Each structure stands twice: as structure tokens, then as C-alpha cells.
Amino acid sequence: MSRTLPARLGLLALVTALALTGCSGTNDDDDDDAAPDPSGPTATRDPAPDPSAPSSPGGSPSTTPGSATPSPGAPSGSGGPATPPAPGDQAKPRWKPQPGLAWQWQLDGRSDPSVDVPVYDIDGFENTAADVARLHKDGRKVICYVNVGAWEDFRADRDAFPATLFGEPNGWKGEKWLDIRRIDLLRPIMERRFDMCRDKGFDAVEPDLMEGYGNKTGFPLTADHQLAYNRMIAEIAHARGLSVGLKNDLPQIPQLVGDFDFAVNEECAQFGECEALSPFIKAGKAVFHVEYKGSTSGFCDESRRLKLSSMLKNLELDTWRKAC
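Cut-offs and rules
Residues numbered from 1 in each chain as written. Predicted model: local features only at pLDDT ≥ 70, side-chain atom pairs only at ≥ 80, totals over all residues. Heavy atoms only, no water. Pairing = 2+ DSSP bridges. Helix = DSSP H or I, 4+ residues; strand = E, 2+ residues; numbered from the N terminus. Axes fitted to C-alpha atoms, helices over the stretch in contact; angles between N-to-C directions. Buried < 20%, exposed > 50% of the residue type's maximum accessible area, 1.4 Å probe, protein only. Left-handed = near helix turned anticlockwise from the far one by under 90°. Contact = heavy atoms within 4.5 Å. Core = buried A, V, L, I, M, F, W, Y, C linked by side-chain atoms within 4.5 Å. 1 Å grid on protein atoms, 1.4 Å probe; cavity = no way out; pocket = protein on both sides within 12 Å on 5 of 7 lines; lining within 4 Å. Points joined across faces, edges and corners; volume = space filled by probe spheres on them. Nonpolar A, V, L, I, M, F, W, Y, C, P; charged D, E, K, R; others polar. Disulfide = S-S within 2.5 Å.

S.K.: Teacher, can you tell me more about the sheet that holds strand β10 (residues 287-291) here?
M.R.: Sheet strands pair via backbone hydrogen bonds, and the direction of the pair is either parallel or antiparallel. Spatially, β1-β2-β3-β7-β8-β9-β10-β11-β12 is the arrangement adopted by the nine strands of the open sheet, whose pairing is mixed. Where the open sheet ends on each side, the last strands, each with one partner, are β1 (103-106) and β12 (321-323). If you compare each strand with its neighbour and ignore which way they point, the axes differ by 25° on average. Here four bridges tie β10 to strand β11 (residues 309-313), and the two strands are oriented parallel to one another. Within the sheet, the bridge partner assigned to histidine 289 lies in β11 and is serine 310.

S.K.: Where do I start with the pairing of β1 in this structure?
M.R.: The side chains of a regular strand alternate, residue by residue, between the two faces of the sheet. Taking every second residue as pointing to the same face, both faces of β1 are buried, with Trp103 and Trp105 on one and Gln104 and Gln106 on the other. Here four bridges tie β1 to strand β2 (residues 119-123), and the two strands are oriented parallel to one another. Bridging from a neighbouring strand, glutamine 106 pairs with isoleucine 122 of β2.

S.K.: Honestly, the packing of helix α4 (residues 183-199) against helix α5 (residues 223-239) in this entry has me stumped. Any pointers?
M.R.: The angle between the axes and the distance between the axes are what describe a pair of packed helices. Across the interface, α4 lies against α5 with an axial gap of 10 Å and an inter-helix angle of 35°. In this structure, the crossing between α4 and α5 has a hand that is right-handed. The residues of α5 that touch α4, namely those facing Ile183, Leu186, Arg187, Met190, Glu191 and Phe194, are Ala228, Tyr229, Met232, Ile233, Glu235, Ile236 and Ala237.

S.K.: For this particular structure, what's the right way to read the nonpolar core?
M.R.: Residues Phe161, Met190, Tyr229 and Ile233 are the most contacted members of the largest nonpolar core, which totals 61 residues. Here this core gets eight residues from one element, more than from any other, and that element is α4. Among residues more than four places away in sequence, those in contact with methionine 190 are Asn147, Val148, Phe161, Leu178, Tyr229, Ile233 and Ile236. Of all hydrophobic cores here, the second largest spans 18 residues; its members include Ile143, Ala204, Phe262 and Tyr292.

S.K.: Can you walk me through empty space enclosed by the protein in this structure?
M.R.: Enumeration over the complete set of coordinates arrives at one cavity of 30 Å³ or more. Looking at the largest cavity, the residues that line it are Gly149, Trp177, Leu178, Ile180, Leu209, Gly212, Thr217, Leu221 and Gln226. Of the residues in the lining of the largest cavity, the class split is five nonpolar, four polar and no charged.

S.K.: Where do I start with the state of the cysteines in this structure?
M.R.: Joining two cysteines, a disulfide is a covalent bond between their sulfur atoms. Under the definition given, this model contains three disulfides. Disulfide pairing is shown between cysteine 144 and cysteine 197; the S-S distance is 2.1 Å. An S-S torsion of about -60° defines the bridge between cysteine 144 and cysteine 197 as left-handed. Taken together, the positions of cysteine 144 in strand β3 (residues 141-147) and cysteine 197 in helix α4 put the pair 53 residues apart, joining distant regions of the chain.

S.K.: What am I meant to see in the sheet that holds strand β6 (residues 175-178) here?
M.R.: Spatial strand order, β4-β6-β5: three strands in an open sheet with antiparallel pairing. In this open sheet, the two strands that pair with only one neighbour each are β4 (150-152) and β5 (166-169). Pairs of neighbouring strands in the sheet enclose a mean axial angle of 40°, with direction left out of account. In terms of strand pairing, β4 meets β6 through three bridges, oriented antiparallel. Considered in β6, the bridge of tryptophan 151 is made with lysine 176.

Structure below.
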């Protein structure tokens, strides 16, 4: 899911010192076709439909009551993972995507394997181990989309979240911001989600909504809270042998580029932020980037210069794509 205008205003203030230019892509695309006019987001993904709402989805409270009050310094691990990482998970080499890889991003249901690209980013809940195996058979690497910053009332594990974690709706139907200060409560839940990704055979994780501190969440979140939470997310992915991407959160790239294996970005060209992603490219790490508005002629030249893996997509992230 992506940032909405109010959220972006706060984050843009943090990155004004960075050089701002349009963003990038990976294959050549000289066509000016704009994305078909989206009919509106699905229950997942990016730019919130309501420009007055912060980024990604929002929902109703779960039925499981919370047991503790938020505290920024809470310890990190009540409950532990459902399935502890196997010793071999950390030993096996992780996938390390290089700059320039073409990709497909589809979050509107089960994956359509017909797009001929080496990387697929698909919903971890809505796709099965067989779906992942089918993509692997065709030589693709597969990224597991998981929301780590908001509670979703449509997920199978919705009752695992204590109600004390729920903040404001985030502009997406069925979702509410999570209190990321409560690592003690969220870590075991996210560990189980990443177990799911590992057990289905995914190569990597795309954790969504990793910049709550720049949004109106209902909690007094700070940049330090976000850094601690994002590093915890990277840690539990790596413990399971999974690569992990930093989603948006441009102001914290200098602090987090060493913790993450690639980046996923929405609309850096539209907001003049693509140069901020250069630390990933300089580190030899892919930046998977999408724009939702305009045409490829408006951002692909800059994307190629910056070596970003860029494409134009519909807001609902269906199968349509137009790559650079």
C-alpha cells in the first residue's frame, strides 16, 4: 500500500535535503500508453483511495482483547514463533536481487504466471505453495507480500492481534494501523506470517506499511520506533532464509539499507524522490518501483539512468503492467 497525500507531506519534509528527480525502470519501453483508468483499490495494496487518509488499508477491531498497554521499550518476544526457524534457514544463501531485474507485482488474487519476467511479487495469503512452485518451475523468484503495519479484518489470522494494538483506520477498507511500539506482541504474529511465506516456498518478503511514524496512526510513533520495528522485520525474515525488502520509508534508507536486501517503492517519480533510492543501487541491491499515473515516457528515462526496475501499474495491482 502506498502513502497518501497527508502522509507524504510529513515524509517529504524529511527528505527535502535529498536530490529529487524522477524515478526509474529496467527494460526499455518507449510507449507513452498510460495505465488504464483504475476503478479503485482492492482490499490490499497502495495509494489509499481517499487522499485525506494515510497510507494503506484500515479495518474493524478484532475480537481478541489486548493484554498490555503500549510501551515503546517493551521486550521483543511474547509467545515466540509458531514454528521456530530451522537451523538450515540461516545457513542457506539468501536470494540477493541485483539492480535492473524486471518484475511483476500482482496483489489482486492468485497469481497469473503468464508475464515473462524473472521476479514475481504476490500476496502471501492468497497464493498456495503450488502457485509458488509453478512460478519456480518457470525460473522465477517469488516475493511474499505481507502487511506488517496494519491489521486487516479479512486475513485468516485476524483474531491473533490483541485489540490494544489497533489505531486509526488507514484509509483502506478493513484495516487499522498497528502500534509498532509493541514489538513484544507483534513479533510472534509476524514470525508466524513469515513462517507461512517460508513454508510455501517463497524466496523473499515484501513487508507493507513500514512508515507508520509518518502517518496519523493514533499512536505517538517516532522515527526511532519505526527503525526498531523495521529492523525486527528484517531480522525475522533473515532468520528464515528469506530476503526482505524495505517498502517506501525513504527518509530512513541511509539507516536501513544495510538491513534490507532490496527496496520496493511507489511513485517516487511522481513526487520527485527517486534519487533517495540510490543507496540501494550503489549497494548492488534492486529497487522495484511502480508508478500509477501518467505514462512511461514521463519516468522511464530517469529510471534507466538510476537503474531502477520500473513499471506502470493499475492502482489495484492486477495483471496489467507496462515496463520501462
